[in-house]
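Observations on the three-dimensional arrangement
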Amino acid sequence: MQATEEAIRSVVQEVLSQLNNKGGYGSASATTQTDGDWGVFRSVDQAVAAATAGQKQLLNATLADRAKALEIVRQICTSQADELGRMEMEETKIGRLDHKIEKLHLIKGIPGMEFMRTEAVSGDYGIGITEYAPFGVIGAITPVTHSLPTLACNFINMVASGNTLVVNPHPGGAKVACEGVRRFNKAIYQATGLQNLVTIVETPTLETADQIFNHRGVPLLCVTGGPGVARAALAAKKRAIVAGPGNPPVVVDETADIENAAQSIIAGAAYDNNLLCIGEKEVFAVESIFNELMSAMGRHGGYQLNDQQVTQLTALAFSPPTEPGGHAVLNRDLVGKDAAVLAGLIGVNVPPGTQLLYGETDTMNPFVPEEQMMPFVPFVRCRNADHGIELAKEFEHGFRHTSMIHSRNIETITKMGRIMDTTLFVQNGPCGAALGNGGEGYASFSIATPTGEGVTNPMTFTRFRRSTTVGHLRVI
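This write-up is about the structure you can find in this document.

1. Here's the deal with the overall build of the protein
Summing up its helical and strand segments, the protein has 15 helices and 20 strands in all. In terms of C-alpha radius of gyration, the protein reaches 24 Å, essentially the compact-globule figure of 23 Å for 476 residues. Each of the three principal axes of the protein carries a C-alpha extent, and together these read 70 × 60 × 45 Å. In the protein, buried positions account for 55% of the 476 residues. Residue pairs at least 24 apart in sequence account for 74% of intrachain contacts in the protein once pairs closer than 6 positions are excluded.

Right, dumping it as structure tokens:
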């Protein structure tokens, strides 16, 4: 197996080198297709038809060619991470360039064909084999927060299990998503002859998303995005794997390693300016260590706002609800902006290298209940750990997405894990540890919480098939 993987990597590197030598991915001298712009189509019908043909071709190809396709996507994402990360940053204008680049490097760790398996049972009546088959063409919706990384992650997961995908990207990240599709498909065709393993709608809209949701040629949906698109996918008359909203809380009790807690909160909440759905969004810290924790945050790249400054920032970040009892209205112009930018808006100059703003609030502050995606984290005092867990449960809103605790008390950790019932539960580390970044496990950019699949992998996108041979093929 090792020799095969090395051979595949060698072929992929040669193909990518040839493409670059021919003038790059936009060059007219590169091999061209007669239909579509290397997987980029103007209409949903065209994109689905091409992906359908691509999936039939994929099923007739060798597993070695499938493995080459996956390796090509991994290598493009890593070898061209600087260029593509900058392209995404320039288009979306949210997050941090260093983390845009890092997220593309993380694609090399997305699970592929090694997750696929065949199961067999044998006995007096013969043998039964269970295999996991593809659905066909999967309709994928990708978010503006991680446009190309989510698309690449979905590609590896879905193509590994024999599917192709048609993508409706978020309009704010469509250009980089389309460029990624062109580069993937060109290199894959050059190496294997396979075409349109991924297709994409060039100008995505709500209407094109709805067309994918209801297209007869799309038997399965995978949606990664906000509450609105998640609700739309769940209302579709077909199976949907939905990565929905979250509002991940952190509890810090009196037994915690305070320095590690502060460092972890900043590492998670400041990552890409808190655009991660798993990112630490609010902290509930017990009274006895509250002040110590606040001081520690300042030693690890945080900057504490005073009460007046928190009030000023809150007024800029949120408008009052449009109806009684409704949600505060988030100022989307502030989403994903740097900590220094947010601070500057309220007249505060922060030291160079400041990654995160933080400050004490009560639970009435909109930063606590709302899933804001900016580098400010509210800290709320709690009487004790039980009170902190109670508040974490309330303000996670039952999304069952992600929660974190910093504690050395096994009973407290166990209690929170049972009460929160979240898909991801991290103890004594940053949120990214749940996805293999400093912790055990594998990565994905689609965490399916409302529909229960959790951290997606190739097996997520398969159908169970059993083949039974009666009376024969048991050879022992």
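2. Considering the packing of helix H4 (residues 81-92) against helix H5 (residues 97-105)
One can describe the packing of H4 onto H5 by two numbers: an axis separation of 8 Å at closest approach and a directional angle of 130°. Between H4 and H5, the interaxial angle falls into the category oblique. When you trace H4 past H5, the crossing you get is right-handed. Facing Ala81, Asp82, Leu84, Gly85, Arg86, Glu88, Met89 and Thr92 of H4, the residues of H5 in contact are Leu97, Lys100, Ile101, Leu104 and His105. For the contact of H4 with H5, a count of residues per class yields six nonpolar, three polar and four charged.

3. Overview of the environment of Arg465
Mapped onto the elements of the fold, Arg465 is located in strand S20 (residues 462-470). Linking Arg465 and Lys237, residues 228 residues apart in sequence, is a C-alpha distance of 23 Å. Setting aside anything within four residues of it in sequence, one finds Arg465 in contact with Ile129, Thr130, Glu131 and Ala133.

4. A closer look at unusual backbone geometry
Phi is positive for Trp38, close to 55°, though the residue is something other than glycine. Among the secondary structure elements, Trp38 is positioned in the loop between helix H1 (2-21) and strand S1 (40-41). Its identity as a non-glycine residue notwithstanding, Leu473 has a phi of 75°, on the positive side. The residue Leu473 is located in the segment after S20 in this model. Judged by relative accessible area, which is 58%, Leu473 ranks as exposed.

5. Digging into the side chain of His146
Of note, His146 is situated in the loop between strand S4 (137-142) and helix H6 (147-160). A polar contact is formed between the side chain of His146 and the side chain of Lys103, at a distance of 2.6 Å.

6. Some thoughts on the pattern of salt bridges
Taken as a whole and assessed by the stated rule, the structure comprises 17 salt bridges. A salt bridge links Asp257 to Arg408; its shortest N-O distance comes to 3.9 Å. Taken together, the residues Asp257 in the loop between strand S9 (249-252) and helix H10 (258-269) and Arg408 in the loop between strand S16 (402-406) and helix H15 (410-420) connect sequence positions 151 residues apart. Assessed through its relative accessible area of 58%, Arg408 is described here as exposed. The salt bridge involving Glu287 is made with Arg381; its shortest N-O contact spans 2.9 Å. Of this pair, Glu287 sits in helix H11 (residues 287-299) while Arg381 sits in strand S15 (residues 376-382), placing them 94 residues apart in sequence. Judged by its relative accessible area of 41%, Glu287 falls in the partly exposed class.

Rules of the game
Residues numbered from 1 in each chain as written. Predicted model: local features only at pLDDT ≥ 70, side-chain atom pairs only at ≥ 80, totals over all residues. Heavy atoms only, no water. Helix = DSSP H or I, 4+ residues; strand = E, 2+ residues; numbered from the N terminus. Rg over C-alpha atoms; globule rule 2.2 N^0.38 Å. Buried < 20%, exposed > 50% of the residue type's maximum accessible area, 1.4 Å probe, protein only. Contact = heavy atoms within 4.5 Å. Axes fitted to C-alpha atoms, helices over the stretch in contact; angles between N-to-C directions. Parallel < 35°, antiparallel > 145°, perpendicular 65-115°, else oblique. Left-handed = near helix turned anticlockwise from the far one by under 90°. Nonpolar A, V, L, I, M, F, W, Y, C, P; charged D, E, K, R; others polar. Polar contact = N/O pair within 3.5 Å; in protein donor to acceptor, adjacent residues only side chain to side chain. Salt bridge = Lys/Arg side-chain N within 4 Å of Asp/Glu carboxyl O.

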